[in-house]
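Here's the letter readout for the chains.
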Number of protein chains: 2
Amino acid sequence: MTDKDRPDALRHVPNERAADVLFECFADMINRGVLRDGDPLPPEREIVQTYGVSRTVVREAVLALSNKGLVEARPRFRPVVRKPSYDTAMATVGNVVGRLLQEPGGIYNLFETRIMIEVALARQAAQQPNAKGIEQMRVALAANGAAIEDNVVFYQTDMAFHSALYAMPGNPVLPAIYRAYVSWLEPQWSLMPRQSDRNRGNFHAHTAIFNAIVAQDPDVAEQAVRTHLDAAWQQVRSTFKEEDMP
Amino acid sequence: MTDKDRPDALRHVPNERAADVLFECFADMINRGVLRDGDPLPPEREIVQTYGVSRTVVREAVLALSNKGLVEARPRFRPVVRKPSYDTAMATVGNVVGRLLQEPGGIYNLFETRIMIEVALARQAAQQPNAKGIEQMRVALAANGAAIEDNVVFYQTDMAFHSALYAMPGNPVLPAIYRAYVSWLEPQWSLMPRQSDRNRGNFHAHTAIFNAIVAQDPDVAEQAVRTHLDAAWQQVRSTFKEEDMP
DNA sequence: CACCTAGTTTGGTATGACCAAAACAGGTTA
DNA sequence: TAACCTGTTTTGGTCATACCAAACTAGGTG
């Protein structure tokens, strides 16, 4: 296979790995919609023919696509295109973040940013009330209150309530951030014993947050969020006897 | 090469790719400090001998390490270990985020989260003043004021001032977030024409933020940040005639 | 129509080879 | 001694081929 036989995209690219060029090629196709979400990638041997590169290069390019979350590759299955979203962006860092959380204080560093963001969200929700968003919080809160006795359902509705807070501004980045928080902190949270009295306390905290937002009082909303999340942190901390509190 | 000859780590791992196992192996070594920051990875052919796998597998594992930012691999150089940090985490998402920013409204979605965070930081700085942090802001502000006539230096000191805000809480996640913002939004900002009158306005905005923090007035600090960043967004918007404002 | 089966496709791995650039080791020269 | 040149070795990047096991497919069978 000589250089002349190749498609333009892979010709004369000095000091750049062929696999990287091929990666960019497919990334662009995914980005421009030529390859749509859910489509399978062509078979490796077909890509070899099309682009005039070895299977080694194809595999490295596909692996890079997979590592960056642009395709989803299960062993022995054709890779499936996943249109990039803020969720996939968060997922790609999951590995690194997971290791950072193991360092002393790592978990609290992350949780502190969550407190900061949820405080900001609550203040903003109180200052710029949004009928649809408040309604979503209302139903989430009601479902949360109805599930106090059921630890599993309470956990789900708890997340749904917080999720409604992140959805308030209508910015797609924020819900993705929340889902990332949940997936990263979930290993700690899920091991924490759930009890209906704790559920009751958390529900009351949610109610206080919601009421402050409805009352359009950002200061009270901020304090309610801080109280709630600080308490949640204390629960986690007491469960694991971690010594990495600030 | 039979299964018996291999190290335990790579034996009997059903339905899991050998490359993934090898990746985890090296990721753990980096995480536990066996491979320290700056160390070069062993040569591929040596890894082949040590772990009893083919070079294909080794290359895929190294590529995965590279894609996740655990090692830095330049063409024809030995990969160098990079201890995972929140910065590398941000860098790995850079590719995906870059594509998301090209979508309509993408840039503002990201910038809105920056406004939200800097508002929260300013409020927190005003509420929980920190002598060392305030001193750092003071020197950053002074340097900023001295550079009004020099667009290049003003840009640098501008970033240093905001960076000081992110450094205030002492949480290593926050400065990494700021650096990520800068690197992602830099393509837009750097093309924007810099003028000394704009510099003067920005410096006054920085001064207002700083004074409000020193005065321990979170509401004024919040408003100062909003005014500053909204103005900055208007500058960007007018420069590029983007139609994706909220 | 459901179910089983044999052949085909396809991703995962192993092996060996070659190239170009980097790293290295000597020897040469100023 | 130190700087420079040079040939060898090392090492990552690429190619080609082969084999395996699981997934897929087509065809036949009940």
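Conventions and cut-offs
Residues numbered from 1 in each chain as written. Chains lettered and ligands numbered in written order. Predicted model: local features only at pLDDT ≥ 70, side-chain atom pairs only at ≥ 80, totals over all residues. Heavy atoms only, no water. Domains from an automatic or database assignment. Core = buried A, V, L, I, M, F, W, Y, C linked by side-chain atoms within 4.5 Å. Buried < 20%, exposed > 50% of the residue type's maximum accessible area, 1.4 Å probe, protein only. Contact = heavy atoms within 4.5 Å. Axes fitted to C-alpha atoms, helices over the stretch in contact; angles between N-to-C directions. Helix = DSSP H or I, 4+ residues; strand = E, 2+ residues; numbered from the N terminus. Parallel < 35°, antiparallel > 145°, perpendicular 65-115°, else oblique. Left-handed = near helix turned anticlockwise from the far one by under 90°. Buried area = accessible area lost by both parts, 1.4 Å probe. Salt bridge = Lys/Arg side-chain N within 4 Å of Asp/Glu carboxyl O. Polar contact = N/O pair within 3.5 Å; in protein donor to acceptor, adjacent residues only side chain to side chain. Least-squares fit on C-alpha atoms with pLDDT ≥ 70 in both. Arc of directions from axis to C-beta. Phe/Tyr/Trp six-rings, centres within 6.5 Å; stacked < 30°, edge-to-face > 60°. Lys NZ or Arg CZ within 6 Å of the ring centre and 35° of its normal. Expected span 1.5 Å × (residues − 1).

## Concerning the domain arrangement of chain A
In many reports, interface size means the accessible area that the parts give up when they come together.
Reasoning step 1: Per the domain assignment, the segments making up chain A are domain 1 (3–81) and domain 2 (87–240).
Reasoning step 2: Taken over C-alpha atoms, the centre of domain 1 of chain A sits 39 Å from the centre of domain 2 of chain A.

## Concerning the nonpolar core
Reasoning step 1: L22, F26, L65 and I213 of chain A together with L22, F26 and I213 of chain B are the most contacted members of the largest nonpolar core, which has 158 residues in total.
Reasoning step 2: Once you skip the residues sitting within four places of it in the chain, F26 of chain B turns out to touch L35, L41, P42, I47, Y51 and L65 of chain B.

## Considerations on the packing of helix α6 (residues 131–145) of chain A against helix α9 (residues 196–214) of chain A
Residues and elements named next belong to chain A.
Reasoning step 1: Contact geometry for α6 and α9: axes closest at 10 Å, N-to-C directions at 160 degrees. As far as their axial angle goes, α9 and α6 are roughly antiparallel. Crossing handedness for the pair α6 and α9: left-handed. Seen from α6, the contacting residues are I134, M137, R138, L141, N144 and G145; seen from α9, they are F203, H206, T207, F210, I213 and V214.

## Observations regarding the environment of A27 of chain B
Residue and element names in this part refer to chain B.
Reasoning step 1: With respect to the helices, strands and loops of the structure, A27 is situated in helix α1 (residues 18–32).
Reasoning step 2: For A27, a relative accessible area of 0% puts it in the buried group.
Reasoning step 3: A sequence separation of 43 residues divides A27 from L70, and the C-alpha atoms of the two residues are 7.2 Å apart.

## Description of the interface of chain A and chain B
Reasoning step 1: Opposite the 51 residues of chain A that make contact, chain B presents 50 residues.
Reasoning step 2: In total, about 4500 Å² of surface goes out of reach between chain A and chain B, with carbon and sulfur atoms giving 54% of it.
Reasoning step 3: The largest share of the area that chain A buries against chain B comes from Y86, R99 and M116 of chain A, three residues that together contribute 15% of it.
Reasoning step 4: Connecting chain A to chain B are eleven salt bridges.
Reasoning step 5: At the boundary of chain A with chain B, the tally comes to ten residue pairs in polar contact (both at pLDDT 80 or more).

## Points about the relation of the copies chain A and chain B
Reasoning step 1: Least-squares fitting of chain A to chain B yields an RMSD of 0.1 Å, with the superposition described by an axial translation of 0.1 Å and a rotation of 180 degrees. Each copy turns onto its partner about a two-fold axis.
Reasoning step 2: A shared binding surface is used by both copies, with 98% of the interface residues of chain A retained as interface residues in chain B.

## Quick notes on helix α2 (residues 44–51) of chain B
Residues and elements named next belong to chain B.
Reasoning step 1: Turning to α2, its buried residues are I47, V48 and Y51. Taken around the axis of α2, the buried residues stretch over an arc of 105 degrees, which confines them to a single face. In α2, the exposed positions angled more than 90 degrees off the buried face are occupied by R45 and Q49.
Reasoning step 2: Where α2 is buried, its residues meet α1 and α3 (55–67).
Reasoning step 3: With its phi angle positive at about 65 degrees, G52 sits one or two positions after the end of α2.

## Side note on the packing of aromatic side chains
All names here are of chain A.
Reasoning step 1: Under the definition given, this model contains eight aromatic pairs over all chains.
Reasoning step 2: Through a chain of ring-to-ring contacts, the aromatic side chains of Y108, F111 and W233 assemble into a single cluster.
Reasoning step 3: Note that R74 overlies the ring of F77, its terminal NZ or CZ placed 3.8 Å from the centroid.

## Some details on helix α5 (residues 106–127) of chain B
Reasoning step 1: Its 22 residues place the ends of α5 of chain B 32 Å apart at the C-alpha level, agreeing with the 32 Å of an ideal helix rising 1.5 Å per residue.
Reasoning step 2: Where burial is concerned, most of α5 of chain B is hidden: 21 out of the 22 residues are buried.

## Digging into the environment of A19 of chain B
Residue and element names in this part refer to chain B.
Reasoning step 1: By the element assignment, A19 lies in helix α1.
Reasoning step 2: Residue class for A19 comes out buried when judged on its relative accessible area of 6%.
Reasoning step 3: Expressed as a C-alpha distance, the spacing of A19 and V80, which sit 61 residues apart in the sequence, is 19 Å.
Reasoning step 4: The residues touching A19, leaving out its near neighbours within four places in the chain, are V57, E60 and A61.

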